[in-house]
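Survey of secondary and tertiary structure
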2 protein chains.
Amino acid sequence: MRVTIAVDAMGGDHGLPVTVPAVSKFLAATPEAQVVMVGLAAPLEAALAALDKTLRARITVRATSEIVGMDEPPTDALRHKKDSSMRVAIDLVKSGEAQACVSAGNTGALMAIGKFVLKTLRGIDRPAIATQLPNTRGVSTVLDLGANVNCSAEQLLQFAIMGSALTTAIEGNDNPTVGLLNIGEEETKGNEVVKEAAELLKHSGLNFYGNVEGNDIYKGTTDVVVCDGFVGNVALKTSEGLVQMLYKFLKDEYTRNWRSRLAALISYRVLKSFKSRLDPRRFNGATLIGLRGVVVKSHGSADEMAFEYALHKAYREVAHGMLDRIAQRIEAVSAQLPSVALPDAERAD
Amino acid sequence: MRVTIAVDAMGGDHGLPVTVPAVSKFLAATPEAQVVMVGLAAPLEAALAALDKTLRARITVRATSEIVGMDEPPTDALRHKKDSSMRVAIDLVKSGEAQACVSAGNTGALMAIGKFVLKTLRGIDRPAIATQLPNTRGVSTVLDLGANVNCSAEQLLQFAIMGSALTTAIEGNDNPTVGLLNIGEEETKGNEVVKEAAELLKHSGLNFYGNVEGNDIYKGTTDVVVCDGFVGNVALKTSEGLVQMLYKFLKDEYTRNWRSRLAALISYRVLKSFKSRLDPRRFNGATLIGLRGVVVKSHGSADEMAFEYALHKAYREVAHGMLDRIAQRIEAVSAQLPSVALPDAERAD
């Protein structure tokens, strides 16, 4: 399937030195993809000049005059940076010139501009941030990871619908199981919102497993794990911190003395292979899900390999019809739960 | 300092085969401690018969006729098991015959009985569950880990007071830093409760660092990390699941072929030392904090070594005056924040 992706060429901690080579590799690996690189004309053209001609022919340049700063308040970016690389990349999705946008820029600005320009899907109150995490069986799709700090039960239901559709699109799993993140498996556990969400999910027609706990994310008990953005953000960042600490401890132990250094040398391949299974670059790319368009946020510090993963993720979401799948699942759930009013109008917040 | 600890000898997945040898080792290591073992007389006396006589002389037996089941609803345990080993162990703290109680039994029942029998400390709305987790600098005290799924800003302030006093008592750190778990460091981040709690903490006189994120728990950014019980429980269980997954991945890689098995053999000491730094047994023992007595909950599946750690934790809390330290810090914070009404009356819920 022919897919055009708009890339915010200037976004992230590194900008062009990462986005250009990543796009080049992505295009080489994906014959049906095309890219619109959005950014400051002179440096962008200079960076693209080094590319192979057949790849270069699949890249269009859209020149812009501004860049959204990594720490810029989202409302400022939304109001005053109408010719920024981020804004124009999203505009291209709105106009249909591209089917997806990928940016390593400021998450808050990307979400604010995405909501304003693209609006929210019918049936969805607010977009969420979803990503995949490794588990012992494969990957879990977890959402929300921080866009919504206070969620209603209906919103958690919407996250479940979107997470389920996303998992089908990018993992090819037609009927993913959905778990509701709670502090115990029993129905009596948790706060009122979670209990109410469990009731909705039970009658939603989705493949609802029931409550899951934090450890189930990495066990892979369910394909999708649903939670509010506060809890999801803490779970994600706690995991990042724990992995960093474990690496530090492992390094400490392997560099303690000459014996342990020798053991490290002999274990080189094993440790490399171990680290690669957890490599966050392989999971780079969070989907801003619930917008009327595919928007993938790369980690700001992403390197070439990580940014390429984010491009592939956006491609799969388009190629496997994520937006249509969300719409279909919203229809199906509405039919099962006629009493739950899913929002009808376009929203810009 | 002479300290008597009441031990629920029957609690946990294993009961006597774990509690008796753990008590024996604890007493051997702690000359000033005494223990009251609470449980079914015949099997308890039989298990104690094997002990060294000088240690046996420091153990009193309190015979009871019932056991609280690991899955028993807390209200049933509270209402109908007045002669259970758990209940009587807590009664001994109430009567002053013991200064602390340690149980590996049902957490919900222990909390319900603890609140009913001991009541809540002046200035504290509800008790919390606190534990220590390893970080790259030492340990973090984290609370609440699941006792309170909905917390007010005042409750988060109370958790900060209690966590600070607990850290002083068991880590010997007189002015521990306190972080408020949030989804960003900026003051604008998070929900209303967290923002309000940050305002209270800023003026509390506690050593408040500000907002911290999930990764700060393992970085060791602050000595104490405060959060509501839903978030804390998810962070803790997510960590448990992640460590299990990492161990599995490490094992997979080290057993992949004869080369990697050889590397594992050569790395034996390194890997053993690595695992021991994370050994959850070394961190066993969650404090049910905010009660008018020291109550430590051991993990239900604790082995002898883990249960001994929980006993040492209870001992340190008593020996270093945790309850008095909480009371002093409540007074000090009340003086700083006269407008915040900390609860005055005894509460049983």
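Not measured: the values here are computed from a predicted model.

Quick notes on helix α11 (residues 258-266) of chain A
Of all the residues in α11 of chain A, the buried ones are Ser 260, Ala 263 and Ala 264 of chain A. The buried residues of α11 of chain A occupy an angular sector of 100° when projected down its axis, which confines them to one face. When the buried face of α11 of chain A is taken as reference, the exposed residues oriented beyond 90 degrees from it are Trp 258, Arg 259 and Leu 265 of chain A. In this structure, the buried residues of α11 of chain A make contact with α10 (229-254) and α12 (268-278) of chain A together with α11 (258-266) and α12 (268-278) of chain B. For α11 of chain A, the N-terminal cap is Asn 257 of chain A; the gap from its side-chain oxygen to the backbone nitrogen of Arg 259 of chain A is 3.1 Å.

Focus: the sheet that holds strand β11 (residues 294-297) of chain B
Residue and element names in this part refer to chain B. Spatial strand order, β3-β2-β1-β4-β11-β10-β5-β6-β9-β7-β8: 11 strands in an open sheet with mixed pairing. What marks the edges here is a single partner per strand, and that holds for β3 (59-64) and β8 (207-212). Each strand of the sheet is rotated relative to its neighbour by a mean of 25°, with strand direction disregarded. As paired strands, strand β2 (residues 33-40) and β3 are joined by six bridges and run parallel to one another. Each residue of the ladder has a partner; that of Gly 39, found in β3, is Ala 63.

A closer look at the sheet that holds strand β7 (residues 177-181) of chain A
All names here are of chain A. One open sheet holds the 11 strands; their spatial order is β3-β2-β1-β4-β11-β10-β5-β6-β9-β7-β8, and the pairing between them is mixed. Strand pairing shows two members of the sheet lacking a second neighbour, β3 (59-63) and β8 (207-212), which therefore form its edges. Direction aside, neighbouring strands of the sheet carry axes that sit 25° apart on average. Pairing analysis gives three bridges linking strand β6 (residues 139-143) to strand β9 (residues 224-226), with the strands arranged parallel. Paired with Thr 141 across the strands is Val 224, a residue of β9.

Comments concerning the interface of chain B and chain A
By a widely used convention, the size of an interface equals the accessible area lost when the partners come together. Taken together, the contact pairs 48 residues of chain B with 48 residues of chain A. Carbon and sulfur atoms make up 75% of the surface buried where chain B meets chain A, a total of about 4600 Å² over both sides. Ranking the residues of chain B by area buried against chain A places Ile 183, Phe 230 and Arg 277 of chain B at the top, with a combined share of 15%. Inspection of the region where chain B meets chain A yields six salt bridges. Among the salt bridges present, the one from Glu 213 of chain A reaches Lys 237 of chain B, with a minimum N-O distance of 2.2 Å. Applying the counting criterion to the chain B and chain A interface returns 14 residue pairs in polar contact (both at pLDDT 80 or more). Of all the secondary-structure elements, those providing two or more residues to the side of chain B that touches chain A are α9 (214-219), α10 (229-254), α11 and α12 of chain B. Tallying contributions element by element places α10 of chain B first for the side of chain B that touches chain A, with 20 residues. Looking at the side of chain B that touches chain A, its residues break down into 24 nonpolar, 17 polar and seven charged.

Things to note about the relation of the copies chain B and chain A
For the pair chain B and chain A, the best superposition has an RMSD of 0.0 Å and corresponds to a rotation of 180° with a translation of 0.0 Å parallel to the axis. This pairing of chains is accounted for by a two-fold axis.

Regarding the confidence of the model for chain A
All names here are of chain A. For chain A, per-residue confidence averages 93 on the pLDDT scale, and 98% of positions sit at 70 or higher. In this model residues 345-349 is a low-confidence stretch, pLDDT under 50, and it forms 14 contacts with partners more than four residues away in sequence or in other chains. Interface confidence for the predicted complex, given as ipTM, is 0.91, next to a pTM of 0.93.

Thoughts on a nonpolar patch on the surface
On the surface, a cluster of nonpolar side chains totalling about 930 Å² of accessible area is made up of Trp 258, Leu 262, Leu 265 and Ile 266 of chain A together with Trp 258, Leu 262, Leu 265 and Ile 266 of chain B. Taken together, the elements giving at least two residues each to the nonpolar patch come down to α11 of chain A together with α11 of chain B. Counting through the fold element by element, Ile 266 of chain B comes out in helix α11. Taking relative accessible area as the criterion, Ile 266 of chain B reaches 37% and is therefore assigned partly exposed.

Examining the pattern of salt bridges
One pass over the full model with this rule turns up 30 salt bridges over all chains. With its nearest N and O atoms 3.2 Å apart, the salt bridge here joins Glu 45 of chain A to Arg 56 of chain A. Of this pair, Glu 45 of chain A sits in helix α2 (residues 41-49) while Arg 56 of chain A sits in helix α3 (residues 53-56), and the two are 11 residues apart along the sequence. For Glu 45 of chain A, a relative accessible area of 38% puts it in the partly exposed group. Assessed through its relative accessible area of 22%, Arg 56 of chain A is described here as partly exposed. A cluster of three or more residues bridged by salt bridges with shared partners is formed by Lys 248, Asp 252, Glu 253 and Arg 256 of chain A together with Arg 277 of chain B.

Observations regarding the nonpolar core
One finds Ile 5 and Met 37 of chain A together with Ile 5 and Met 37 of chain B to be the most contacted residues of the largest nonpolar core, which totals 241 residues. Here Ile 5 of chain B is in contact with Phe 26, Gln 34, Val 35, Val 36, Ala 98, Ala 100, Val 102, Leu 311, Ala 314 and Tyr 315 of chain B, once residues within four sequence places are set aside.

So, unusual backbone geometry
Residue and element names in this part refer to chain A. Residue Asp 144 is bonded to the preceding Leu 143 through a cis peptide linkage, with omega at 0°. In this fold, Asp 144 is placed in the loop between β6 and α7 (153-171). Phi at Lys 119 is positive, roughly 70°, even though this residue is not glycine.

Digging into the pairing of strand β5 (residues 128-134) of chain A
Two faces make up the sheet, and in a regular strand the side chains alternate between them. Residue and element names in this part refer to chain A. With seven of seven residues buried, β5 is to be regarded as a mostly interior element. Side chains Ala 128, Ala 130, Gln 132 and Pro 134 of β5 all project onto a buried face; the interleaved residues Ile 129, Thr 131 and Leu 133 project onto the opposite face, where all are buried too. Alignment of β5 against strand β10 (residues 286-289), held across three bridges, turns out to be antiparallel. The residue bridging Ala 128 from the neighbouring strand is Ile 289, located in β10. Sheet topology places β5 next to β6; five bridges connect them, and they run antiparallel. Across the sheet, residue Ala 130 finds its bridge partner in β6, namely Leu 143. Hairpin connection between β5 and β6: a loop of four residues separates the two successive antiparallel strands.

Some words on α12 of chain B
If you check which residues of α12 of chain B are buried, you get Val 270, Leu 271, Phe 274 and Leu 278 of chain B. For α12 of chain B, the arc enclosing every buried residue in end-on projection is 95°, short of the 170-degree limit, so these residues lie on one face. In this structure, α12 of chain B carries Tyr 268, Arg 269 and Lys 272 of chain B as exposed residues pointing more than 90 degrees from its buried face. The secondary structure elements touched by the buried residues of α12 of chain B are α10 and α11 of chain A together with α10 and α11 of chain B.

Calculation notes
- Residues numbered from 1 in each chain as written.
- Chains lettered and ligands numbered in written order.
- Predicted model: local features only at pLDDT ≥ 70, side-chain atom pairs only at ≥ 80, totals over all residues.
- Heavy atoms only, no water.
- Buried < 20%, exposed > 50% of the residue type's maximum accessible area, 1.4 Å probe, protein only.
- Helix = DSSP H or I, 4+ residues; strand = E, 2+ residues; numbered from the N terminus.
- Arc of directions from axis to C-beta.
- Contact = heavy atoms within 4.5 Å.
- Polar contact = N/O pair within 3.5 Å; in protein donor to acceptor, adjacent residues only side chain to side chain.
- Pairing = 2+ DSSP bridges.
- Axes fitted to C-alpha atoms, helices over the stretch in contact; angles between N-to-C directions.
- Buried area = accessible area lost by both parts, 1.4 Å probe.
- Salt bridge = Lys/Arg side-chain N within 4 Å of Asp/Glu carboxyl O.
- Nonpolar A, V, L, I, M, F, W, Y, C, P; charged D, E, K, R; others polar.
- Least-squares fit on C-alpha atoms with pLDDT ≥ 70 in both.
- pLDDT = per-residue confidence, 0-100.
- Patch = residues over 30% accessible without salt bridge, like charges linked within 9 Å, V, L, I, M, F, W, Y side chains within 5 Å.
- Areas by Shrake-Rupley, 256 points an atom, 1.4 Å probe, with all protein chains shown as cover.
- Core = buried A, V, L, I, M, F, W, Y, C linked by side-chain atoms within 4.5 Å.

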